[in-house]
Amino acid sequence: MNFNASRNGPSGAIRKAKRVSDVAAMGTPAPNPAFSPTAYSPGYAPTGPPPPYQESFQLDANQDFNTHAPADFGFAGGFPSPMTSPAQISSMLQQPVVQDMAIQYGNQLAAQGKEAVQRELHKFVPVSRLRYYFAVDTRYVIRKLMLIVFPYTHKEWMVKYDQDTPVQPRYDINAPDLYIPSMGYVTYVLLAGFMLGLQHRFSPEQIGIQASSALAYIIFEMLLYLVTLYVTNTSTSLKTLDLLAYSGYKYTVMISSLLAGLLAGRTGYYCGLLYSSCALSYFLVKTLRLQLLSGSQGPEQPSYGFPNPPYAANPYSDAWDKPTPGGTKRRVYFLLFVAITQPLLCWWLTYHLVASPPGEGAGPAR
Amino acid sequence: MLTLWNLFEATLLCLNAVCVLHEERFMQKIGWGANTQTQGFEDQSSMKFQILNLVRSIRTVTKIPLIILNILTIMFKLLLG
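Quick caveat, the model's predicted, so the values are computed rather than measured.

1. Concerning the overall build of chain B
Phase 1: A count of helices and strands for chain B gives 3 helices and 0 strands.
Phase 2: Secondary structure elements in chain B, listed N-terminal to C-terminal, are α-α-α.
Phase 3: Across chain B, contacts joining residues at least 24 apart in sequence account for 68% of those joining residues at least 6 apart.

2. Brief notes about the UniProt feature "signal peptide" (unreviewed entry) in chain B
Phase 1: As recorded in UniProt, the sites labelled "signal peptide" (unreviewed entry) are residues 1-22 of chain B.
Phase 2: Helix and strand shares over residues 1-22 of chain B are 77% and 0% respectively, and the end C-alpha atoms of the span are 33 Å apart.

3. Concerning the packing of aromatic side chains
All names here are of chain A.
Phase 1: Taken as a whole, this structure holds 17 aromatic pairs over all chains when the rule is applied.
Phase 2: Residues Tyr-132 and Tyr-133 carry aromatic rings whose centres are separated by 5.0 Å and whose planes lie at 75° to one another, so their mutual orientation is edge-to-face. Taken individually, Tyr-132 and Tyr-133 each receive the classification buried, so the pair is uniform in this respect.
Phase 3: Taking 4.9 Å as the distance between ring centres and 20° as the angle between the ring planes, the aromatic pair formed by Trp-347 and Tyr-351 counts as stacked. Residue Trp-347 and its partner Tyr-351 are located together in helix α11 (residues 328-354), separated by 4 residues, close to a single helical turn.
Phase 4: The exposure class assigned to Tyr-351 is partly exposed, which follows from its relative accessible area of 30%.
Phase 5: Taken together, the aromatic side chains of Trp-157, Tyr-246, Tyr-249 and Phe-283 make up a single cluster linked through ring pairs.
Phase 6: Here Lys-250 stacks its cationic end above the ring of Tyr-251, 5.7 Å away from the centre of that ring.

4. Looking at the interface of chain A and chain B
Phase 1: If you look at the interface, chain A gives 16 residues, while chain B gives 14 residues.
Phase 2: When chain A packs against chain B, close to 1400 Å² is buried across both sides, 69% of that on carbon and sulfur atoms.
Phase 3: Our count for the contact surface shared by chain A and chain B stands at 0 salt bridges.
Phase 4: Seen at the junction of chain A and chain B, the total is 1 residue pair in polar contact (both at pLDDT 80 or more).
Phase 5: When contributions to the side of chain A that touches chain B are tallied by element, the ones reaching two or more residues are α7 (204-231) and α11 of chain A.
Phase 6: Sorting elements by how many residues they give to the side of chain A that touches chain B places α7 of chain A first, with 10 residues.
Phase 7: A breakdown of the residues in the side of chain A that touches chain B according to their chemical character gives 9 nonpolar, 5 polar and 2 charged.

5. Some remarks on the nonpolar core
Residues and elements named next belong to chain A.
Phase 1: Membership of the largest hydrophobic core comes to 50 residues, with the highest contact counts inside it found for Tyr-188, Tyr-249, Phe-283 and Leu-288.
Phase 2: Taken together, the elements giving at least two residues each to this core come down to α5 (138-149), α6 (179-198), α7, α8 (240-248), α9 (250-293) and α11.
Phase 3: Per-element tally for this core: the top contributor is α9, with 13 residues.
Phase 4: The residues contacting Tyr-188, other than those within four sequence positions of it, are Gln-210, Ala-214, Tyr-251, Met-254, Ile-255, Leu-258, Leu-349, Thr-350, His-352 and Leu-353.
Phase 5: Among the nonpolar cores identified, the runner-up in size contains 7 residues, and Val-159, Leu-178, Leu-241 and Ala-245 belong to it.

6. What about the pattern of salt bridges?
A side chain of one charge can pair with a side chain of the opposite charge when the charged atoms of the two come close.
Residue and element names in this part refer to chain B.
Phase 1: What the rule picks out here adds up to 4 salt bridges over all chains.
Phase 2: The salt bridge involving Glu-9 is made with Lys-77; its shortest N-O contact spans 2.2 Å. Note that Glu-9 is positioned in helix α1 (residues 4-20) and Lys-77 in helix α3 (residues 47-80), a separation of 68 residues in sequence.
Phase 3: Among the salt bridges present, the one from Arg-59 reaches Glu-23, with a minimum N-O distance of 2.7 Å. With Arg-59 in helix α3 and Glu-23 in helix α2 (residues 23-30), the pair connects residues that are 36 residues apart, well separated along the chain.

7. Digging into the confidence of the model for chain A
Phase 1: Per-residue pLDDT for chain A has a mean of 72; in total, 63% of the residues score no lower than 70.
Phase 2: Every residue in residues 54-78 of chain A scores below 50 in pLDDT, and together they form 60 contacts with partners more than four places removed in sequence or on other chains.

8. Re α3 of chain B
Since the α-helix advances by 3.6 residues per turn, residues separated by three or four positions end up pointing in the same direction.
Phase 1: In this model α3 of chain B runs just 41 Å from its N-terminal to its C-terminal C-alpha over 34 residues, more than 12% under the 50 Å that 1.5 Å per residue would give.
Phase 2: The sharpest bend along α3 of chain B comes to roughly 55°, located at Thr-62 of chain B, with the proline Pro-65 of chain B sitting one to four residues further on.
Phase 3: Among the residues of α3 of chain B, those classed as buried are Phe-49, Gln-50, Leu-52, Val-55, Arg-59, Thr-62, Leu-66 and Thr-73 of chain B.
Phase 4: Next to the buried residues of α3 of chain B lie α7 of chain A together with α1 and α2 of chain B.
Phase 5: Downstream of α3 of chain B by one or two residues, Gly-81 of chain B has phi in the positive range, about 75°.

9. Description of the confidence of the model for chain B
One rule of thumb: low pLDDT means the predicted coordinates there are not for detailed reading.
Residue and element names in this part refer to chain B.
Phase 1: Within chain B, residue pLDDT values average 83, and 86% of them lie at 70 or more.
Phase 2: Across chain B, the secondary-structure element scoring lowest on mean pLDDT is α2, at 79, and the one scoring highest is α1, at 91.
Phase 3: In the predicted complex, the global pTM is 0.63; the interface-specific ipTM is 0.83.

10. Section: the environment of Lys-160 of chain A
All names here are of chain A.
Phase 1: Along the polypeptide, Lys-160 turns up in the loop between α5 and β3 (161-162).
Phase 2: For the pair formed by Lys-160 and Tyr-171, sequence separation is 11 residues and the distance between their alpha carbons is 8.8 Å.
Phase 3: In contact with Lys-160, not counting residues within four places along its chain, are Pro-166, Val-167, Tyr-171 and Asp-172.

11. Focus: the UniProt feature "transmembrane region" (unreviewed entry) in chain A
All names here are of chain A.
Phase 1: Residues given the UniProt feature "transmembrane region" (unreviewed entry) here are residues 178-197, 209-231, 243-261 and 332-350.
Phase 2: For residues 178-197, helix accounts for 95% and strand for 0%, while the C-alpha atoms at its two ends are 29 Å apart.
Phase 3: End C-alpha atoms of residues 332-350 are separated by 28 Å, and the span's content is 100% helix alongside 0% strand.

12. Focus on the packing of α1 of chain B against α3 of chain B
All names here are of chain B.
Phase 1: With their axes 8 Å apart at the nearest point, α1 and α3 run at an angle of 130° to one another. Put simply, α1 runs oblique to α3. Taken as a pair, α1 and α3 cross one another with a handedness that is left-handed. Seen from α1, the contacting residues are Trp-5, Phe-8, Glu-9, Leu-12, Leu-15, Asn-16, Val-18 and Cys-19; seen from α3, they are Val-55, Ile-58, Arg-59, Thr-62, Leu-66, Leu-69, Asn-70, Thr-73, Phe-76 and Lys-77.
Phase 2: When its residues are assigned to classes, the contact of α1 with α3 shows 11 nonpolar, 4 polar and 3 charged.

Scoring rules and cut-offs
- Residues numbered from 1 in each chain as written.
- Chains lettered and ligands numbered in written order.
- Predicted model: local features only at pLDDT ≥ 70, side-chain atom pairs only at ≥ 80, totals over all residues.
- Heavy atoms only, no water.
- Helix = DSSP H or I, 4+ residues; strand = E, 2+ residues; numbered from the N terminus.
- Contact = heavy atoms within 4.5 Å.
- UniProt positions renumbered as here; feature names shortened; annotations may be inferred.
- Phe/Tyr/Trp six-rings, centres within 6.5 Å; stacked < 30°, edge-to-face > 60°.
- Buried < 20%, exposed > 50% of the residue type's maximum accessible area, 1.4 Å probe, protein only.
- Lys NZ or Arg CZ within 6 Å of the ring centre and 35° of its normal.
- Buried area = accessible area lost by both parts, 1.4 Å probe.
- Salt bridge = Lys/Arg side-chain N within 4 Å of Asp/Glu carboxyl O.
- Polar contact = N/O pair within 3.5 Å; in protein donor to acceptor, adjacent residues only side chain to side chain.
- Nonpolar A, V, L, I, M, F, W, Y, C, P; charged D, E, K, R; others polar.
- Core = buried A, V, L, I, M, F, W, Y, C linked by side-chain atoms within 4.5 Å.
- pLDDT = per-residue confidence, 0-100.
- Expected span 1.5 Å × (residues − 1).
- Bend = angle between axes of the 7 residues up to and from the residue.
- Axes fitted to C-alpha atoms, helices over the stretch in contact; angles between N-to-C directions.
- Parallel < 35°, antiparallel > 145°, perpendicular 65-115°, else oblique.
- Left-handed = near helix turned anticlockwise from the far one by under 90°.

This is the structure we're talking about:
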């Protein structure tokens, strides 16, 4: 290597000593943590692009803070002295070999970081489970929406299973999905903005307020359901995401009642709300009854013919012949609780969008 | 209007309320103590047991993070009203 210590850094006394041992030090690119920040900045700026393949090491910075331990630093032979000056490192980094290595190291770090993030994320949000809920297609969405609006003629409510795992929503209309709830949420926020605009109550912050309000209600409702399930010690086969999916179906109710309110004023809104709440309650009761109560026969007869038998884990509850074995009655009550709170929440989240003060005349929601 | 900030404040206050219930000075006097020997296995499914269990676990888990969250929230409210 060609040592050309010709670079003039303005940091104090500039010595043009040569350091032969620094060649071997390229294998240890870790900088010495005893950097003094004063040596950092001045050594950098004025150095333009150095002549290629020429090393110009600045040793002044090295000798600045080496006042108390000069003997330790790397001048002893045989010891690959670590790079101790930022200017040295910067000039070293411009070598293509080091750049390749740096790129490789950076890639490695990025891959490790990505893996770590994915692992942590997977602990909180089961991504593979999420993918199940979004495996829908157009036909499923249309049929499901029609089912939510008019569930009275549907006969077969059982979710099909495929070797212990529920079938994807695209193959079974009874399976819960998260696509409709998320689309419903976005549509609700936009529709709320539209309705507010018709009433001259709109401002761009309202979109954010409506969105965060609806999100807060979702979180609150999920917490309420989960705490209720935990406190009453009700064992169900409903997972959290299932519960989220079922409670997200009320967005279709809200949107349809808001549209009815758009078309026909407040009476239209209330009629639409009444009809679609009945339909939603019917739909929820029929669907959740099978999911909640399908395990109620687990502890009573230990036949594992049911596809998801997590209730066999509680075999002692029935041995003492308790009235509510963990329990069917509680599940029924929980079901009714869900079926009643859904329409209430629908009404609560939409009535302030449709409310018309008296005397404002006709027109949609005003 | 229930916004995310209101929800956060409400949960913070509720968690504070749960963590304030002192185990020795209060709960045992009332009979909600968590270390009584009268809890056999039949008690495990009663609602009181579940709630007390929930209270105790919330207290254990959120005692330290609540300190941090409370300090942050207080500073936030002092500065931004």
